[in-house]
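One letter stands for each residue in the lines below.
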Amino acid sequence: MIKRLSVISLALVLAACGSSTKLDENAAGAGMGAGSGAGAGQQGASNVQSVDLGASQGRGRGPANVATTIFFDFDSFTIRAEAQPILEAHARFLNANRGRQVSLEGHTDDRGGREYNLALGQKRAEAVRRALTQLGVSDGQLEAVSFGKEKPAVQGADESAYAQNRRVELNYK
């Protein structure tokens with residue numbers, strides 16, 4: 001039943017949200033972006049990976065073999081379609097481990113002012129928070145924070161570096 005509700009919620013979010021959300025628009029419509037259509041029309045095909053919910057033994061670790069970074073497009077806080085399986089795996093882990101908490105840390109590239117980037121990083125972290133709560137995760141397990149451009153993943157002033165810095169990192173406590 002929970003799985004069915006999650007799928008329905010995800011479908012509604014995908015149908016309602018566009019991919020051209022601007023920073024100053026209402027954040028309520030900034031959840032999941034329009035998908036790429038991968039898998040559309042394929043019956044019985046699934047790209048969902050299984051997750052060992054008990055694989056993480058120590059604090060600070062989430063589900064085993066699952067990425068902990070969600071990447072974003074330039075000047076956007078719309079979650080890309082390719083991030084959905086990652087978010088679903090983290091949601092399954094958090095739903096199975098209700099005592100675990102995760103910090104959702106929003107980051108930007110170094111273009112733009114400090115205040116703008118702090119706001120954009122926060123909107124990215126909040127978008128991931130909304131996606132996880134729509135998948136059944138308790139809001140009390142999630143903390144959304146922004147570092148803006150203050151903690152780049154990589155140094156550089158080219159598109160490759162910028163793309164790696166536009167992210168939300170999931171850090172388990």
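1. Focus on the overall build of the protein chain
Counting its secondary structure elements, the protein chain contains four helices and four strands. N-terminal to C-terminal, the α/β element order of the protein chain is α-β-α-β-α-β-α-β. Counting only residues that meet the buried cut, the protein chain has 38% of its 173 residues in that class. A separation threshold of at least 6 residues defines the contact pool for the protein chain, and within that pool the share at least 24 residues apart is 74%.

2. A look at the confidence of the model for the protein chain
Chain-level statistics for the protein chain give a pLDDT mean of 78 and a share of 65% at 70 or above. Contacts from residues 4-58, a stretch scored under 50 in pLDDT, to residues over four places away or in other chains number 67 contacts.

3. Focus on the nonpolar core
In this structure, Ile70, Ile79, Leu87, Leu104, Val128 and Leu132 are the most contacted members of the largest nonpolar core, which totals 22 residues. Within the residue set of this core, elements represented by two or more residues are α2 (84-96), β2 (102-107), α3 (114-134), β3 (142-148) and β4 (167-172). Ranked by the residues each element gives to this core, the list is headed by α3, at five residues. Ignoring sequence-local partners within four residues, the contact set of Ile70 consists of Ile79, Ala83, Ile86, Leu87, Val128, Arg166, Arg167, Val168 and Leu170.

4. Quick word on unusual backbone geometry
We note that Asn65 has phi near 60°; this positive angle belongs to a residue other than glycine. With respect to the element layout, Asn65 can be found in the loop between α1 (2-16) and β1 (69-71).

Quick notes on the rules
Residues numbered from 1 in each chain as written. Predicted model: local features only at pLDDT ≥ 70, side-chain atom pairs only at ≥ 80, totals over all residues. Heavy atoms only, no water. Helix = DSSP H or I, 4+ residues; strand = E, 2+ residues; numbered from the N terminus. Buried < 20%, exposed > 50% of the residue type's maximum accessible area, 1.4 Å probe, protein only. Contact = heavy atoms within 4.5 Å. pLDDT = per-residue confidence, 0-100. Core = buried A, V, L, I, M, F, W, Y, C linked by side-chain atoms within 4.5 Å.

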